[in-house]
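Residues per chain are reported as follows:
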Amino acid sequence: MLIEQAQKDSFSFISAVPGSGSYALSSSQRRLWILSQFPEANVAYNMPGVYVFSGSVNADGLFHSFSQLQERHEILRTVFREDGEGVVRQVVLTSSESGFFLEQRDLQGKDASFVDSVVESDFVRPFDLSSGPLFRAGLYRVSQDRWVFTYVMHHIISDGWSMGILIRELLSLYNSYVLGEENALPPLRIQYRDYAAWQQAELSGSRYEEHRSYWLDHLSGELPVLELLGGRARPSVKTYNGGVVHRMLGSDLSSGLRSLSQERGATLFMGLLACVNVLLYRYSGQSDLIIGTPMAGREHSDLEDQIGFYVNTVALRSRFSGSDSFLELVDHVRG
C-alpha cells in the first residue's frame, strides 16, 4: 500500500493548458527558432522522408489521412510569430488555415535522375516559420503501378521519433479510409503546447536549481576545444556544408564490443562513445573532450505518441589519462 501511494505521489500527468491565441515555446524550439533565422540553417533543419509504393494508390485517401493527422496533432498546423512585445510564440492554426496540400505529379516516362531531382528539390526548399505550413508531402507516379511518396517537416515541429509516429499513423488512417473503416487511433489527451507549458514549469524552483548545479559542475573550469589537424581550415562563420560518411562494422566486431560493454555494466552506446574518445585522443592528444549527442527527451509516458520537437542535445564530457586502459575509460564513460 505504501509503495502504491509513493508511485501515485511521484507521477503526475501533464495537464492541458487553457485555450489561447498563442502559447509558450519549449526550450528546444526557442533554440532552433534562433538558429533558423539564418537562411542556411533553416534548410539544414528540414527533416525528409521518402517511401516507394507499389500497386494502386488512392490519392484522395492519402490527402484525407493527412487532414486527419493535422486534426489529431496540433503541432502539424503550428507556426511561430512574435507577439506585441517581441516574444516568439506558438500559434495553432485551423486545418483550413494551415495551407497544407498534397502535391501530385505524373512523372511516368521520366528517367531516374529527373525523379531524384524532383525529390531533392522537395527536401531542400526552405520553410517560412511564421506563415507555414511547416510540413509538406508529395506523391509522384513514376510508372503504372509505382509511386514515390515524399514528406518533409521542419525540425522545430518534429524529431526522429516523430517521423516514425507520423508514417505509422498515416498508414493506419489511410488503410482505414480505403477499407471504409472507422479511425482506430485512440484520441490524444494532450498536445505539444501542453508539454511546452509543463516543461517551462519544471524548469523553475528546486528542480531547476538541481539541474543548474549539475551542469555548472560538469562544465566547470576551462572548456576544451577540439583541435584536429586537417587539410582545410575551419571557416570563421559556421556553414552547413558538411557530409555524412557511412561505415558498416562486421558482426564479430560489433558483437564483441557489445559483450565487452555488458561485462562492464555499460550499454553499447557507452562502449561506442569510449571508442570515439579514444579515436579523438589519438588524433589530438587531448584527454578532456566534450561530445554532443541527441537524447530523445521523452522521459514522461504522456509523450510516447506525440509528434513534436522533444529531442535535446546533451554535452557529454570525458576527462581521462592517456595511460588509462580502455576498460577504465568505459567505466568512466558509464559513470
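Below is a short write-up of the structure. Model, not experiment: these values are computed from the prediction.

To describe a pair of aromatic rings, one takes the distance between the centres and the angle between the planes. Tallying each qualifying case throughout the model produces 14 aromatic pairs. Seen from their ring centres, F53 and F149 are 5.6 Å apart, and the 15° between their planes marks the pair as stacked. Of the two residues, F53 is situated in strand 1 (residues 46–54) and F149 in strand 6 (residues 146–154); the sequence distance between them amounts to 96 residues. Assessed through its relative accessible area of 0%, F149 is described here as buried. Here Y195 and W198 contribute two aromatic rings whose centre-to-centre distance is 6.1 Å and whose plane-to-plane angle is 40°, an arrangement assigned as tilted. Pair noted here: Y195 and W198 are both in helix 8 (residues 192–202), with a separation of 3 residues, about one helical turn. By relative accessible area, W198 is classed as partly exposed at 25%. Site record: aromatic cluster; members linked through ring pairs are Y51, F53, F63, F66, F100, F135, F149 and Y151. The ring of F114 is capped by K110, whose NZ or CZ atom sits 5.1 Å from the centre of that ring. Positioned above the aromatic ring of F127, the side-chain terminus of R136 is 4.2 Å from the ring centre.

Moving on to unusual backbone geometry. Here G132 and P133 are connected by a cis peptide whose omega angle stands at -5°. The topology assignment puts P133 in the loop between helix 6 (112–124) and strand 5 (135–143).

What follows concerns the sheet that holds strand 1. Strand order in this open sheet of 4 strands is 1-6-5-4, and the pairing throughout is mixed. Strands with a single pairing partner mark the edges of an open sheet, and in this sheet they are strand 1 and strand 4 (102–106). In this sheet, adjacent strand axes meet at a mean angle of 15° when their direction is disregarded. Sheet topology note: the strand 4/strand 5 ladder contains 5 bridges and is parallel. Residue pairing in the sheet places Q104 in a bridge with L139 of strand 5. Relative to strand 6, helix 7 (residues 160–179) is tilted by about 135°, and along the sheet it contacts strand 1 and strand 6.

Thresholds applied
Residues numbered from 1 in each chain as written. Predicted model: local features only at pLDDT ≥ 70, side-chain atom pairs only at ≥ 80, totals over all residues. Heavy atoms only, no water. Phe/Tyr/Trp six-rings, centres within 6.5 Å; stacked < 30°, edge-to-face > 60°. Helix = DSSP H or I, 4+ residues; strand = E, 2+ residues; numbered from the N terminus. Buried < 20%, exposed > 50% of the residue type's maximum accessible area, 1.4 Å probe, protein only. Lys NZ or Arg CZ within 6 Å of the ring centre and 35° of its normal. Pairing = 2+ DSSP bridges. Axes fitted to C-alpha atoms, helices over the stretch in contact; angles between N-to-C directions. Contact = heavy atoms within 4.5 Å.

Such coordinate-based values are descriptive only and should not be taken to indicate function.
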